[in-house]
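# Structural overview
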Amino acid sequence: MADGLRSSLRTGIPAAAAGVLGTLAGLAAAHLTAAVTDPATSPVVSVGSTVIDLTPTPVKEWAISTFGTADKPILLGSVVAGTLVLAGIAGVLARRRFALGAGLLVLLTGLAGAAALARPTASLVDAVPAVVAAVVGVLALAVIIRPSRGPDATAAGPRLSRRDLLGVGAGALVVAVAGEWVARARTRIADITLPQAARRTRPLPAGLDERHPGITPLRTATADFYRVDTRLTLPIVDVDSWTLTIDGDVDRELTFTFDDLMRMPLEEHDITMTCVSNDVGGRYVGGARWLGVPLVRLLGQAGIRDAADQILSTDVDGFTISTPLEVATDGRNAMVVVGMNGEPLPREHGFPCRLITPGLYGFVGATKWLTRLTLTTYAERSAYWTQRDWAVDAPIKVSSRIDTPKPLARVKPGRTAIGGVAWAQTRGIKSVEVRIDGGAWQRAELGPEVNVDYWRQWYLAWEAPVGTHLLAVRATTQDGDVQSPARATPFPAGSNGIQEVTVFVE
């Protein structure tokens, strides 16, 4: 029995490795092909995107809260790991009967092709990366398996040296990196020079973070700005052929090129954005300076008819978001944005154009990679998130956060600063209060007010005594709405509650 097991391992492990190597070669070739056509059609990405669409909302929220921005790499890694396990099985089958192993690889790539074709904007071209993966994978498997078949075959199966493994792995990595380079080269963001705004915003004042380290900077650097979306790969958008169409319940359908938008009088506005997945005390919030065209100006050119009650915005891959028409046109600085913090929008934040609607969570009013605005009704059309039972109208709730000291931090006794940020877009922050060890609420000092759409820094000087202490914070809006202590999860309309932080003074 022991000899039989050793014999099975001697033949099975190399055969499984052959299946894995063949599949890696196919996936790398497919990834490069997708970089030329559409990155979203790469087999791993298309399967992962389908998994996201089919995942129940509570599971998605658990993944975001547990893994944060690492949720996408973990999902892609899981898809790759599962694929390679099946690829190993395909290698073992191929050693016994090549057609069985090759058939399993073709089945796997066929599922990936079906996932790519299931996208809203899919065409037959989107199946090409899966076909490439199948062809290259099967050919690579045939080349590797061949030494173990025929009259000169040995019982040990394919002979795979360490050099073979490193060679195939390095080749796959080079091809994958080449695919990413091709994708970045096609966007041409570096070639774009933004015009000066016709309506400029005054420079930001010095923030409290300059005096009290640990408080979030008044402006979030673009590289540090949060990103939460369903995309596993970033779209490649050719700015020269990109257009924004306004249609639906309008007097006249209009289409704008990127140059059309750049020639319009642009406006700058400092706006804080918040993701609905942000839990109490969470980090999915950021303040930036946005450059763009007022949404109402574009809608006014198209002519708004009476029947519409929502703006259904669509991105370049057919993903949809619904925004209440009344909220988007009530005088707030809703914008079709082309710039962020003085630079063109980066790919991860919606290049070349996105929607920003102050006071609404991103899933309702911040479509990235925007290409269409359709005026319609909620009765007639529904968007991605509303189909999954998220709120239709989701105003951002008044919230506050303790940035310093950090949870479970160890602080020296004596004078220290408790500080952070608070936000209530479109209503502004009137006051922030801190409670220590369940005592009375104490009013904190506020940082400079930028505008009602922007967050407000705050701090409280504290003579910290030795011991374990519980800190809490709450904010009040300019219209008197006090942050509620009632706990609510992000689903379906945003989190709610008071953040409490335990610190140790020693």
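## Focus: the pattern of salt bridges
Going through the model one piece at a time under the given rule, you end up with 23 salt bridges. Residues R297 and E267 are paired through a salt bridge, measuring 3.4 Å at the closest nitrogen-oxygen approach. Separated by 30 residues along the polypeptide, R297 in helix α9 (residues 295–302) and E267 in strand β3 (residues 267–274) bring together distant segments of the chain. What makes R297 partly exposed here is its relative accessible area of 28%. By relative accessible area, E267 is classed as buried at 12%. Through salt bridges that share partners, D38, R119, D126, R231, D315 and D317 make up one connected network.

## Regarding the sheet that holds strand β13 (residues 414–423)
In space, the four strands of this open sheet follow the order β11-β13-β17-β16, with antiparallel pairing throughout. Here the strands that pair on one side only, and so sit at the sheet edges, are β11 (399–404) and β16 (445–446).

## A short note on the nonpolar core
Grouped together as the largest cluster of nonpolar side chains are 51 residues, with contacts concentrated most on L261, W290, L295, L298 and V336. Looking at this core, the element that brings in the most residues is strand β7 (residues 335–340), giving five residues. Those residues within four positions of L261 in sequence are excluded, and the remaining contacts are W242, F256, L266, V293, L298, V336, V338 and C353. Core analysis: the next-biggest nonpolar cluster, separate from the first, contains 28 residues, L27, I52, Y361 and W390 among them.

## A few points about the packing of aromatic side chains
A full pass over the atoms with the stated rule returns twelve aromatic pairs. Measuring from ring centre to ring centre gives 5.9 Å for W385 and W390, while their planes differ by 75°; the resulting arrangement is edge-to-face. We note that W385, like W390, is buried. Judged by centre distance (4.9 Å) and plane angle (90°), the rings of W390 and F491 are edge-to-face. Pair noted here: W390 is in the loop between β10 (370–376) and β11 and F491 is in the loop between β18 (467–477) and β19 (499–505), with a separation of 101 residues, a long-range link. Look at W390 and you get buried, because its relative accessible area is 4%. Here a set of aromatic residues connected by ring pairs shows up, and it is made of F319, F363, Y384, W385, W390 and F491.

## Details of helix α5 (residues 98–117)
Given a rise of 1.5 Å per residue, 20 residues ought to cover 28 Å, and the 28 Å separating the end C-alpha atoms of α5 matches this to within 8%. All buried positions along α5 are accounted for by G101, A102, L104, L105, L108, T109, A112, G113, A115 and A116.

## Structural notes on the confidence of the model for the chain
Where the model shows low pLDDT, its predicted coordinates should not be examined in detail. Of all residues in the chain, 89% have pLDDT values of 70 or greater, and the mean over the chain is 90. Within the model, pLDDT remains below 50 along residues 1–5, and this stretch shows zero contacts once partners closer than five positions in the same chain are excluded. Counting contacts from residues 148–157, a segment whose pLDDT is below 50, to residues more than four positions away or on other chains yields 18 contacts.

## Some words on the pairing of strand β17 (residues 456–464)
When a strand is regular, its side chains alternate between the sheet's two faces. In terms of burial, β17 is largely enclosed, as seven of its nine residues are buried. Two strands pair when backbone bridges link them, and β13 and β17 are joined in this way by nine bridges, in the antiparallel orientation. When the bridges of β17 are listed, A422 appears paired with R456.

## Observations regarding the side chain of T320
Residue position: T320 is located in strand β6 (residues 320–324). When its relative accessible area of 15% is taken as the criterion, T320 is described as buried. Of note is the side chain of T320, whose polar atom sits 3.2 Å from the backbone nitrogen of Y384. Sequence-distant contacts of T320, that is, excluding residues within four places in its chain, are made with L312, S313, T314, S382, A383 and Y384.

## Here we look at the pairing of strand β5 (residues 310–315)
Here β5 lies mainly inside the structure; six of its six residues are buried. Of the two faces of β5, the one lined by Q310, L312 and T314 and the one lined by I311, S313 and D315 are each fully buried. Bridging between β5 and β6 involves five bridges; their strand directions are antiparallel. In the sheet register, S313 faces β6, and the bridge partner there is I321. When β5 meets β10, the two strands line up antiparallel, connected through six bridges. By the bridge assignment, T314 is partnered in β10 with R372.

## Describing the packing of helix α2 (residues 43–54) against α5
Running from N to C, α2 and α5 point in directions that differ by 65°, and their axes come no closer than 8 Å. Handedness of the crossing formed by α2 with α5: left-handed. Judged by residue contacts, P43, S46, V47 and T50 of α2 engage A112, A115 and A116 from α5.

## A few points about the sheet that holds β6
Taken together, the five strands give an open sheet; going across it, the order is β2-β1-β10-β5-β6, and neighbouring strands pair in mixed fashion. Either end of the sheet is taken by a strand with one partner, and the two such strands are β2 (254–257) and β6. Between one strand and the next, the sheet's axes are offset by a mean angle of 20°, whatever the strand orientation.

## With respect to the environment of T377
Among the secondary structure elements, T377 is positioned in the loop between β10 and β11. For T377, a relative accessible area of 18% gives the class buried. Expressed as a C-alpha distance, the spacing of T377 and I311, which sit 66 residues apart in the sequence, is 8.0 Å. The residues contacting T377, other than those within four sequence positions of it, are A307, A308, D309 and Q310.

Reading guide: rules and limits
Residues numbered from 1 in each chain as written. Predicted model: local features only at pLDDT ≥ 70, side-chain atom pairs only at ≥ 80, totals over all residues. Heavy atoms only, no water. Salt bridge = Lys/Arg side-chain N within 4 Å of Asp/Glu carboxyl O. Helix = DSSP H or I, 4+ residues; strand = E, 2+ residues; numbered from the N terminus. Buried < 20%, exposed > 50% of the residue type's maximum accessible area, 1.4 Å probe, protein only. Pairing = 2+ DSSP bridges. Core = buried A, V, L, I, M, F, W, Y, C linked by side-chain atoms within 4.5 Å. Contact = heavy atoms within 4.5 Å. Phe/Tyr/Trp six-rings, centres within 6.5 Å; stacked < 30°, edge-to-face > 60°. Expected span 1.5 Å × (residues − 1). pLDDT = per-residue confidence, 0-100. Polar contact = N/O pair within 3.5 Å; in protein donor to acceptor, adjacent residues only side chain to side chain. Axes fitted to C-alpha atoms, helices over the stretch in contact; angles between N-to-C directions. Left-handed = near helix turned anticlockwise from the far one by under 90°.

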